[in-house]
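# Fold and contact review
Now for the letters of each chain:
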Amino acid sequence: MRDVPLPDGAAGAPPARIVAGLRAWVTSPPLRGLVARFGGDGPPGGPSCGDPLSGDLAAALAWLDDFSARHWDFRGGRERPEAAEPAFDPRTAGQVLAAASALGLVRPVPPARRAYAHLVVLGGLAHACLRRVAYAAHLVRSGTAVAGEVAVLGSFRPLSAAERQTLADAGGAAGDTEVDALDAAVRRAFGVAGPAEEDGVDAGHPHRSWSSRVWRPAGSPPVRVLAAPSGEPGRRRARTADTQRFWAEHVRLAPGDPVLMVTAPVYVPFQHCDALRTLAVPYGCGIETVGVDPALPDLARLPEPAPTPGRYLQEIRSAIRSMRALHAAVTTGRAAR
């Protein structure tokens, strides 16, 4: 299958162009095929009225959100590592993997530009923190120019015992939270001993606290490790969108700034659309989202388990939900929860 393009991330892209990109992804043959494989009949109007995902895009996204909640949600509100792994027959598993590849969740794509205003690294589990920061350092050393800063975004999510062991195995300092793992990743990848600047607020609860540490590696743009407070501190920890908004205010993101986002390939569609909603739409910046290239020698020493069919379906659902929120933001001026 040919890859399905993601919504346009060019600076100042008009809403109509973003919506057209959303429609193209949602109505693509790979996604339609997955829906059919899992027994979907499409949103109101149904197959008897033509293409099951044609017509009103908001209705199609709402239907896909509900459909994927019933068929592709294996987390049930838990953290990603706690998700159940379903058993699929070989034909279904093969179709899931082919669709995930066509929808942009498998193959890494190198950055399209040679220069950006900012390079943003999204946090995650400890091994992901190490890999993504190492990839960012590789990009900088291999000639990707960054006029502003390398921003490494995370939260005060507690590390599991397995994550702490991952850091120890990689020679990282002991730590208790995701932001500690990011600090360790910056030390390892950029060869710095400690931050040059520190700021933050300890509000007595990780959902309300924040921290900012700026590192100044030789021959590199400054690297900021930022832990944001939650947008709903009474209910949950900080999410990716919270950290992106918090960083944008911190750095004074400007219209027209080209921003490169680094994550894992499996999260590219979901996190690209989140970044369009939280950064591109309100600030007028450009967004390009790339996944870490696992073939690089430095990353081969930081292995990551290959995503399973269940994991791919879970992140296709994440992409659908992110696209629904983005559609609401560009058409009604509000973001869907």
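You'll find the structure just up there.
These figures come from a predicted structure and were not determined experimentally.

In total, this model carries 1 cavity of 30 Å³ or more according to the counting rule given. Considered as a void within the structure, the largest cavity measures approximately 30 Å³ in volume. The wall of the largest cavity is formed by Ser155, Phe156, Arg157, Pro206, His207, Ala228, Arg237 and Ala238. Across the lining of the largest cavity, the residue classes break down as 4 nonpolar, 2 polar and 2 charged.

Ordered by their spatial adjacency, 7 strands build an open sheet running E5-E6-E7-E4-E2-E8-E9, and the pairing between neighbours is mixed. Each edge of the sheet is formed by a strand with only one pairing partner; in this case those strands are strand E5 (197-201) and strand E9 (286-291). The average undirected angle you get between the axes of adjacent strands in this sheet is 20°. When strand E6 (residues 210-215) meets strand E7 (residues 223-227), the two strands line up antiparallel, connected through 5 bridges. From the neighbouring strand, valine 214 faces E7, where its bridge partner is arginine 224.

Across a regular strand the side chains alternate sides, sitting on one face of the sheet and then on the other. Extensive coverage of strand E2 (residues 118-122) is indicated by the burial of 5 of its 5 residues. Residues of E2 alternate between two faces, with His118, Val120 and Leu122 on one and Leu119 and Val121 on the opposite face, all of them buried. For E2 and strand E8 (residues 258-263), the ladder comprises 4 bridges, and the chain directions are parallel. From the neighbouring strand, valine 121 faces E8, where its bridge partner is valine 262.

Parameters and conventions
Residues numbered from 1 in each chain as written. Predicted model: local features only at pLDDT ≥ 70, side-chain atom pairs only at ≥ 80, totals over all residues. Heavy atoms only, no water. 1 Å grid on protein atoms, 1.4 Å probe; cavity = no way out; pocket = protein on both sides within 12 Å on 5 of 7 lines; lining within 4 Å. Points joined across faces, edges and corners; volume = space filled by probe spheres on them. Nonpolar A, V, L, I, M, F, W, Y, C, P; charged D, E, K, R; others polar. Pairing = 2+ DSSP bridges. Helix = DSSP H or I, 4+ residues; strand = E, 2+ residues; numbered from the N terminus. Axes fitted to C-alpha atoms, helices over the stretch in contact; angles between N-to-C directions. Buried < 20%, exposed > 50% of the residue type's maximum accessible area, 1.4 Å probe, protein only.

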